[in-house]
Amino acid sequence: MDRKKLYPWYFTSGALVIFFLLCFLPGIIGIFYSFTDWNNFSSEVNFVGLKNYIEVFRGKPEYRTYIWNTVTFTVVTTALKTIVGLGLALLLTQKIIKFKNLHRMIIFSPQVMSYLVVGLVFKSMLHPTTGFLNNFLRTMGLDILTKNWLTDLKVVFPTVMAVDTWKGMGYIMVVIIAGIMSIAPEYYEAASIDGATFWQKFKSITLPLLKPIIVNVTVLNVTYGFRVFDMIYSLTNGGPGNATGVINTAVYKEFSKGNYAMGTTLSSILFFILLLLLYYILKSMENKEVEA
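Definitions and cut-offs
Residues numbered from 1 in each chain as written. Predicted model: local features only at pLDDT ≥ 70, side-chain atom pairs only at ≥ 80, totals over all residues. Heavy atoms only, no water. Helix = DSSP H or I, 4+ residues; strand = E, 2+ residues; numbered from the N terminus. Buried < 20%, exposed > 50% of the residue type's maximum accessible area, 1.4 Å probe, protein only. Contact = heavy atoms within 4.5 Å. Areas by Shrake-Rupley, 256 points an atom, 1.4 Å probe, with all protein chains shown as cover. UniProt positions renumbered as here; feature names shortened; annotations may be inferred. Domains from an automatic or database assignment. Buried area = accessible area lost by both parts, 1.4 Å probe. Polar contact = N/O pair within 3.5 Å; in protein donor to acceptor, adjacent residues only side chain to side chain. Phe/Tyr/Trp six-rings, centres within 6.5 Å; stacked < 30°, edge-to-face > 60°.

(A) Highlighting the overall build of the chain. Helices and strands together make up the secondary structure of the chain, namely 12 helices and 0 strands. When its helices and strands are written in sequence order, the chain yields α-α-α-α-α-α-α-α-α-α-α-α. Oriented by its inertia axes, the alpha-carbon framework of the chain measures out at about 80 × 75 × 35 Å. With 292 residues in all, the chain has 37% of them scored as buried. Contacts in the chain between residues at least 24 apart in sequence constitute 66% of all its contacts with a sequence separation of at least 6. As presented, the chain carries roughly 17500 Å² of accessible surface, and 68% of it is formed by carbon and sulfur atoms.

(B) Fine view of the side chain of serine 234. Examined against the element boundaries, serine 234 turns out to sit in helix 10 (residues 230-235). Overall, serine 234 belongs to the buried group, its relative accessible area being 4%. For serine 234, the contacting residues outside a window of four places in its chain are Tyr115, Leu116, Gly119, Leu120 and Lys123.

(C) Inspection of the UniProt feature "domain: ABC transmembrane type-1" (unreviewed entry) in the chain at higher detail. Mapped onto this structure's residue numbering, the UniProt feature "domain: ABC transmembrane type-1" (unreviewed entry) falls at residues 67-283. Regarding residues 67-283, the helix share stands at 73% and the strand share at 0%, and the terminal C-alpha atoms are separated by 23 Å.

(D) Representation of the domain arrangement of the chain. Domain annotation for the chain reports domain 1 (21-59 + 246-285) and domain 2 (67-245). In this structure, domain 1 and domain 2 have C-alpha centres spaced 30 Å apart. Taken together, the contacts link 17 residues of domain 1 with 19 residues of domain 2. Contact between domain 1 and domain 2 buries roughly 1600 Å² in total, counting both sides, with carbon and sulfur atoms accounting for 80%. Inspection of the region where domain 1 meets domain 2 yields 4 residue pairs in polar contact (both at pLDDT 80 or more).

(E) Quick look at the packing of aromatic side chains. With the rule as written, the count across this model stands at 15 aromatic pairs. With a centroid separation of 6.4 Å and an interplanar angle of 55°, the aromatic rings of tyrosine 63 and tyrosine 66 are classed as tilted. Of this pair, tyrosine 63 and tyrosine 66 are both found in helix 3 (residues 61-91), 3 residues apart, which corresponds to roughly one turn of the helix. Under the relative-accessibility criterion, tyrosine 63 is labelled buried at 2%. Note on phenylalanine 229 and tyrosine 252: the rings are 5.5 Å apart at their centroids and 50° apart in plane angle, and the pair reads as tilted. Highlighted residues: phenylalanine 229 in the loop between helix 9 (198-227) and helix 10 and tyrosine 252 in helix 11 (residues 247-256), separated in sequence by 23 residues. What links up through ring pairs into an aromatic cluster is the set Phe32, Tyr33, Trp38, Phe255 and Tyr260.

Listed below in C-alpha cells is the structure:
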C-alpha cells in the first residue's frame with residue numbers, strides 16, 4: 001500500500017491515543033476509584049462495591065440536594081438563556097432598531113469575562129448593606145424590595161441562576177443572530193406577499209430553520225449547567241448551608257476533606273447523568289431538524 005495513503009491513519013491514530021490518555025482513561029480510573037474507600041487518611045485502597053453510590057442516594061440527604069440543585073440549575077438556566085437569547089436575537093435583527101451592532105456588543109460583552117470575575121463583581125453588588133442593588137432600591141424608595149440576595153434561602157438560588165443567565169445569554173443571542181441572518185430573505189418576502197404576520201413568519205419560517213442551532217446551544221447549555229462550579233463557588237461557595245450546592249461544589253468539598261472516593265463517586269454520577277441526558281436530547285431532536 002502507498003505510504004502516502006497511510007498518513008491520515010497515522011495522524012488519526014495519534015489523535016485517538018492522545019484523546020484516550022488525556023480524556024477517556026482518567027474517567028475510567030475515576031469510575032474505578034468510586035467503588036473503593038480511597039481517602040487521605042489511609043494508604044490502603046479497598047474495594048467496597050456500591051457502598052458509595054448507596055450513600056449518595058440513600059445516605060446523607062445533602063448529596064441528593066446537590067444532585068437536585070444541579071438538575072434544577074441546568075434546566076432553568078438553559079431555558080432562560082435560550083428564550084432570552086432568542087428574543088434578543090429577534091429584536092436586534094429588526095430594521096427599525098438603530099445601532100444594532102452597539103446593542104449586540106453591549107449584551108455580548110459579559111461573555112468575554114471569566115465566571116469567577118462575574119461572580120466576585122455580583123457578590124459585591126448584591127451585598128445586603130453596601131451593595132449597589134439594595135442601595136439603588138433604597139434610593140428609589142423601594143425598600144420593600146431589598147433582600148439578602150446571597151444569604152436568604154428563598155432568593156439565593158434564583159439569584160445565582162439570574163446572574164448566570166445574564167452572563168450567558170449574549171452568546172446564545174449572537175449564535176442565533178448568525179442563524180437568522182443565514183435564512184434566505186426570499187422566504188420572508190414570499191410570506192409577506194401572502195399577508196403573513198410577524199408571528200406567522202416566526203412560527204413557520206424562523207423557528208423551524210433555527211432548530212438545528214437551538215439544538216446545538218441547548219446541548220452546550222446543558223453541558224455547562226451540569227459542570228457549573230466557578231459561578232456558584234465565587235458567589236456563595238454552595239451556601240448558605242447547601243442551598244446552592246451542586247455536584248461540582250460537592251466534589252470540591254469532598255476532595256478538600258480527603259474523601260477522594262466520594263469525590264470520584266459524585267464525579268461519576270455527574271458523568272452518567274450528563275451522558276444519558278445529552279443522548280436523550282440528541283435522539284429526541286435529530287428527527288426534528290430542518291435544513292435551511
